[in-house]
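# Structure assessment
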Amino acid sequence: MASLVPVLPLLCIVAIVLKIAFRTQPPRVRYALVSYLSTLLVVSGVLATVATVLVVSFVPIPAIVNNGLPSLDEQTDFPLLASADALSSADVSSRLKPLVIVVSPAVRLWNGQEIASQSFGAGVLLEAAQSGYLFATANHVANHGPLRNGSPPPHVMIATAAGVWSNAEVVAIAAPQDLALLWVPRHSGSARFVQPIAEATDGEDVFVIGHPEGLKYSLSTGIVSGLREEAIQISAAISPGNSGGPVYDSHGQLIGIVSSKFDHTRDANAENLGFAVRAQLLRDAARWSFYGSGRQRLEAYVDDLQKTQSVSPMTGKLGTKTGKE
């Protein structure tokens, strides 16, 4: 019987069988058996508990998140932007939603692994290069805490529409403008993409993609209501979960990154007062604090942007030379 102590489930079965088999024995025999079995079960239970704690503490568990973005790696092509023709809402939904991601601050578990937290916002793909993917989001969405120059890049969790979480590095922040750049290495695929950037025009149509109140990949439309120094005022509906998401013009060019909306506690009657940081600020390296390979990634994007952009006669804005779809 003592040899069964390391195997608690088997010992339990044997104890039940013996108790049934000895039910006709004298009370002294049954009492002795019960005492003996109770001692064995207590010892076996203690050993099983200690073993479980040791296994959970020291044996690595399977990875909870990916180390890349397979859904983007597998894409054979990306949309050609800017579009020569104005995009409809249906066009924007089908072509531009795949460029948007879910962004969540990373929470570290007891075993050192990082998982997504309960809060999240949005982000947008700026470039798909041979070595990886560069994304832009709002700095408050990353919620990474204070950073120091030269320190290792902090991490956030991101996911595409496929729903699989991956680890991304925060490689640059522009705190006053509430912007952050994220980087994820690429493991396969060769499709290239460069997101064109344009200046906003007062009164033009805009499209916003994000995850308001947890409703992921929602599209809202509106206009540029006003130009406010480094920000754009938009009438498109935004809610918590839209922060960090893109504001596109009607040709698929990025004109802003959603940053905030008017606080209804100040005036409950205020409606459709959302704000986005001008996308042109993404190009200004002087505004950024870099971490890890951040400067290299941003400079590569700006260089590729300059190579591909030219003035489009169709829109009067900056567009790409290969932008016809």
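Just so you know, these numbers come straight off a predicted model, no measurement behind them. (Residues numbered from 1 in each chain as written. Predicted model: local features only at pLDDT ≥ 70, side-chain atom pairs only at ≥ 80, totals over all residues. Heavy atoms only, no water.)

### Here's the deal with the overall build of the chain
Along its length, the chain carries six helices and 17 strands. Each of the 325 residues in the chain was classed as buried or not, and the buried ones make up 46%. Taking contacts inside the chain between residues at least 6 apart in sequence as the whole, the part at least 24 apart equals 66%. Accessible area for the chain stands at about 16100 Å²; split by element, carbon and sulfur atoms hold 58% of it. (Helix = DSSP H or I, 4+ residues; strand = E, 2+ residues; numbered from the N terminus. Buried < 20%, exposed > 50% of the residue type's maximum accessible area, 1.4 Å probe, protein only. Contact = heavy atoms within 4.5 Å. Areas by Shrake-Rupley, 256 points an atom, 1.4 Å probe, with all protein chains shown as cover.)

### Some thoughts on the packing of aromatic side chains
If you walk through the whole model with that rule in mind, you get two aromatic pairs. Relative to Phe-193, the ring of Phe-78 lies with its centre 5.6 Å away and its plane at 35°, an arrangement referred to as tilted. Of the two residues, Phe-78 sits in the loop between α3 (70–73) and α4 (89–96) while Phe-193 sits in strand β8 (residues 193–194), which places them 115 residues apart along the sequence. As far as burial versus exposure is concerned, Phe-78 and Phe-193 are alike and both buried. Between Tyr-133 and Phe-135 the ring centres are 6.5 Å apart and the planes differ by 40°, which places this aromatic pair in the tilted class. Since its relative accessible area comes to 0%, Tyr-133 is described here as buried. A relative accessible area of 0% means that Phe-135 is categorised as buried. When the ring centre of Phe-120 is taken as reference, the NZ or CZ atom of Lys-216 above it lies at 5.5 Å. The ring centre of Trp-183 lies 3.9 Å from the NZ or CZ of Arg-297, which sits over that ring. (Phe/Tyr/Trp six-rings, centres within 6.5 Å; stacked < 30°, edge-to-face > 60°. Lys NZ or Arg CZ within 6 Å of the ring centre and 35° of its normal.)

### What about the nonpolar core?
Counting 60 residues, the largest nonpolar core has Phe-135, Ile-158, Leu-181 and Leu-282 as its most contacted members. Here Leu-282 is in contact with Leu-126, Ala-136, Leu-179, Leu-181, Ile-197, Leu-254, Trp-288 and Leu-298, once residues within four sequence places are set aside. In terms of nonpolar packing, the next biggest core, distinct from the first, is built from 13 residues, Ala-198, Val-208, Val-247 and Val-258 among them. (Core = buried A, V, L, I, M, F, W, Y, C linked by side-chain atoms within 4.5 Å.)

### So, the sheet that holds strand β11 (residues 231–234)
In sheet architecture, strand pairing relies on hydrogen bonds along the backbone and comes in two forms, parallel and antiparallel. What the six strands build is a closed barrel, ordered β9-β10-β11-β14-β13-β12; its pairing is antiparallel. Across the sheet, the axes of successive neighbouring strands diverge by a mean angle of 45°, strand direction being ignored. (Pairing = 2+ DSSP bridges. Axes fitted to C-alpha atoms, helices over the stretch in contact; angles between N-to-C directions.)

### Structural notes on the confidence of the model for the chain
The predicted model of the chain averages 85 in pLDDT, with 84% of residues at 70 or higher. Overall, residues 311–325 carries pLDDT values under 50, and its contacts beyond four positions in sequence, including any with other chains, amount to 47 contacts. (pLDDT = per-residue confidence, 0-100.)

### Some points on the pattern of salt bridges
Per the counting criterion, the structure on display carries four salt bridges. Between Asp-284 and Arg-287 there is a salt bridge whose closest N-O contact spans 3.1 Å. A relative accessible area of 32% means that Asp-284 is categorised as partly exposed. Between Arg-295 and Glu-299 there is a salt bridge whose closest N-O contact spans 3.9 Å. With Arg-295 and Glu-299 both in helix α6 (residues 294–308) and four residues apart, this pair spans about one turn of that helix. Arg-295 sits in the partly exposed class, given a relative accessible area of 43%. Residues joined in a network through salt bridges with shared partners are Glu-230, Asp-284 and Arg-287. (Salt bridge = Lys/Arg side-chain N within 4 Å of Asp/Glu carboxyl O.)

### Brief notes about the side chain of Ser-117
Inspection of the secondary structure puts Ser-117 in the loop between β2 (114–116) and β3 (121–128). A polar atom in the side chain of Ser-117 sits 3.3 Å from the backbone oxygen of Ser-119. If we skip the residues at most four places from it in the chain, Ser-117 touches Ser-104, Pro-105 and Val-107. (Polar contact = N/O pair within 3.5 Å; in protein donor to acceptor, adjacent residues only side chain to side chain.)

### What about unusual backbone geometry?
Among all residues save glycine, negative phi is the norm, and among peptide bonds the norm is trans. Residue Ala-82 follows Leu-81 across a cis peptide bond; omega there is 5°. Counting through the fold element by element, Ala-82 comes out in the loop between α3 and α4. Although it is not a glycine, Tyr-217 adopts a positive phi angle of roughly 60°. Mapped onto the elements, Tyr-217 comes out in the loop between β9 (205–210) and β10 (218–228). Positive phi, normally seen in glycine, also occurs at Glu-229, with a value near 55°. Looking at the element boundaries, Glu-229 is found in the loop between β10 and β11. Among the residues examined, Glu-229 registers a relative accessible area of 74% and is labelled exposed.

### With respect to the pairing of strand β6 (residues 165–174)
When you tally the buried positions in β6, you get seven out of ten residues, the bulk of the element. Examined bridge by bridge, strand β5 (residues 155–159) and β6 share five bridges and lie antiparallel to one another. When the bridges of β6 are listed, Ile-158 appears paired with Ser-166. Between β5 and β6, which pair antiparallel in sequence order, lie five residues; one of them, Gly-163, sits at a positive phi of approximately 90°. As paired elements, β6 and strand β7 (residues 179–185) share five bridges and run antiparallel to each other. Each residue of the ladder has a partner; that of Val-170, found in β7, is Leu-182. Between β6 and β7, which pair antiparallel in sequence order, lie four residues; one of them, Asp-178, sits at a positive phi of approximately 60°. As paired strands, β6 and strand β15 (residues 289–290) are joined by two bridges and run antiparallel to one another.

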